[in-house]
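As a plain string of letters, each chain reads:
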Amino acid sequence: MQRRDFHRLLGASATLGLTGLGTAFAQDPYPSKPITMVVPFPPGGVADTVGRPVAEAMGRHLNQSVVVVNRGGAGGAIGMAAVAKAPADGYTVLMALSSLVVLPEADRILNRPPQFEVNQLAPIARMTADPTVLVVRADSPWKTYAEFIAYAKANPGRITFGSSGNYGTMQVPMEQLKAATNTFMLHVPYTGAGPAIVGLLGGQVEALASGPASVVGHIKSGRMRALAHWGEGRLALLPDVPSFKELGVNISYSQWAGLFAPAGTPQAAIDKLREAARAAARDERTIQVMTTAGTQFQYQDAAEFDAFVKADAAAMKSVVQRIGKVN
């Protein structure tokens, strides 16, 4: 090779190398634009109560806005399906509740194609896991669980209970209670926990099961009365409220809230989101907001949360099959 040709080739190679470096540096690091956090329920419910402070804290950690978008309907299935089918680029995440593992099986029970499958979503982190609480209005005639269930047994169908939608996190525990006590109470589905709570306060329904975060303020203000809860032992937020197991009813149910991304999201983006979620769970400002709202972080990182979701899906599959088709 002539010396002149060698230098020409060397120069061309250097130019290509610099061009490649320029292209690499031109690519903005993730995240380079706002992230959308879909809450698949209307404002006012547990997912919204958890999602908003977590989104704010994650945004501070990522130096990028995390914008909450409420997309309710079908017990959360519409918003969950939207994220499951969203581009897997790290810019759409889901703040889901435990109904996530129930809804696909419910669709199969109802002989219709599931709107999404759990494996279409990649777990990022579990944020909370609270037992649901049975509440009635403070002016209701039932001061205790014993009075409530005695009335339910003596008056089949006279007690109505609200929920966030069929097979959602507010119906499943009530169906457990009905089965365990051989009672019939009428289910009234709403579009989310917020509207169901409004329905209870407005006298449209007599009872509901909800995560503490959505009702503890109403309990403390004297607008609602808690009769029992689906957890173990006593709750720190409601120390005077017995568990169903304490009352001799062997049922339990936890309403968890966790972050997911569409399956196939690049691992680098998942790792950034995990770091931000973990930072949110340790952030003193966010912890205070959550405590005031009536819930506490019960954080699980991606791997542990993935195992938790799979175990919960297996358990809820049998629950949904036992419930069968419901109105």
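Residues numbered from 1 in each chain as written. Predicted model: local features only at pLDDT ≥ 70, side-chain atom pairs only at ≥ 80, totals over all residues. Heavy atoms only, no water.

The description of an aromatic ring pair uses the distance of the two centres, along with the angle that the planes make with each other. The tally for this structure, following the rule as stated, stands at ten aromatic pairs. An angle of 65° between the planes, with centres 5.1 Å apart, marks the rings of Tyr 30 and Tyr 91 as edge-to-face. In this pair, Tyr 30 sits in the loop between helix H1 (3-26) and strand S1 (35-39) while Tyr 91 sits in the loop between helix H3 (77-84) and strand S3 (92-97), placing the two residues 61 residues apart along the sequence. Of the two residues, Tyr 30 and Tyr 91, neither departs from the other in class, the shared state being buried. One aromatic cluster is present, formed by Trp 256, Phe 260, Phe 305 and Phe 308 through successive ring pairs. (Phe/Tyr/Trp six-rings, centres within 6.5 Å; stacked < 30°, edge-to-face > 60°. Helix = DSSP H or I, 4+ residues; strand = E, 2+ residues; numbered from the N terminus. Buried < 20%, exposed > 50% of the residue type's maximum accessible area, 1.4 Å probe, protein only.)

Glancing now at helix H11 (residues 302-323). When the terminal C-alpha atoms of H11 are compared, their 30 Å separation across 22 residues agrees well with the 32 Å that a helix rising 1.5 Å per residue should span. For H11, the complete set of buried residues consists of Ala 302, Phe 305, Val 309, Asp 312, Met 316, Val 319 and Val 320. Each buried residue of H11 sits inside an arc of 95° when the element is viewed along its axis, so together they form one side. Among the exposed residues of H11, those oriented more than 90 degrees off its buried face are Ala 303, Lys 310, Ala 314 and Arg 322. Buried positions along H11 lie against helix H4 (103-109), strand S4 (121-131), helix H6 (171-181), strand S10 (254-262), helix H9 (267-282) and strand S11 (300-301). Looking one or two residues beyond H11, the residue adopting positive phi is Gly 324, at roughly 75°. (Expected span 1.5 Å × (residues − 1). Arc of directions from axis to C-beta. Contact = heavy atoms within 4.5 Å.)

Moving on: H6. The element H6 is largely enclosed, with a buried count of nine among its eleven residues. Once H6 finishes, Asn 182 follows within two positions and takes phi at roughly 55°, a positive value.

This part takes up the side chain of Thr 181. Here Thr 181 lies in helix H6. We classify Thr 181 as buried; its relative accessible area is 10%. Within polar-contact distance, the side chain of Thr 181 engages the side chain of Thr 183 at 2.9 Å. Excluding residues within four positions of it along the chain, Thr 181 makes contact with Tyr 145, Ile 149, Lys 153 and Val 249. (Polar contact = N/O pair within 3.5 Å; in protein donor to acceptor, adjacent residues only side chain to side chain.)

Moving on: the pairing of strand S5 (residues 133-137). Among the five residues in S5, five count as buried, and that is most of the element. Bridge count between S5 and strand S8 (residues 207-210): four bridges; the pairing is antiparallel. Among the inter-strand pairings, Val 135 is bridged to a residue of S8, identified as Leu 208. Strand direction decides the pairing type here: S5 and strand S9 (residues 224-229), joined by five bridges, are antiparallel. Looking at S9, one finds that Val 136 is bridged to Arg 225. (Pairing = 2+ DSSP bridges.)

All right, on to the sheet that holds S10 then. Strands sit in the order S2-S1-S3-S10-S4-S11 across an open sheet of six strands; the sheet is mixed. Either end of the sheet is taken by a strand with one partner, and the two such strands are strand S2 (66-70) and S11. Across four bridges, S3 lies against S10 in antiparallel orientation. Residue Ala 96 lies in a different strand from S10, and its bridge partner there is Gly 258. Contacting S1, S3, S4 and S10, H3 crosses the sheet at an angle of about 145° to S3. (Axes fitted to C-alpha atoms, helices over the stretch in contact; angles between N-to-C directions.)

It is worth spelling out the environment of Met 185 at this point. Looking at the element boundaries, Met 185 is found in the loop between H6 and strand S7 (186-189). Given a relative accessible area of 0%, Met 185 falls into the buried group. Along the sequence, Met 185 and Phe 305 sit 120 residues apart, while their C-alpha atoms lie 34 Å from each other. In contact with Met 185, other than residues within four places in its own chain, are Phe 148, Ala 152, Ile 159, Phe 161, Met 174, Leu 177 and Lys 178.

Residue Pro 31 follows Tyr 30 across a cis peptide bond; omega there is -5°. The phi angle at Asn 111 is positive, at roughly 60°, despite the residue not being glycine. Phi is positive for Tyr 167, which is not a glycine, with a value near 65°. In this fold, Tyr 167 is placed in the loop between strand S6 (160-163) and H6.

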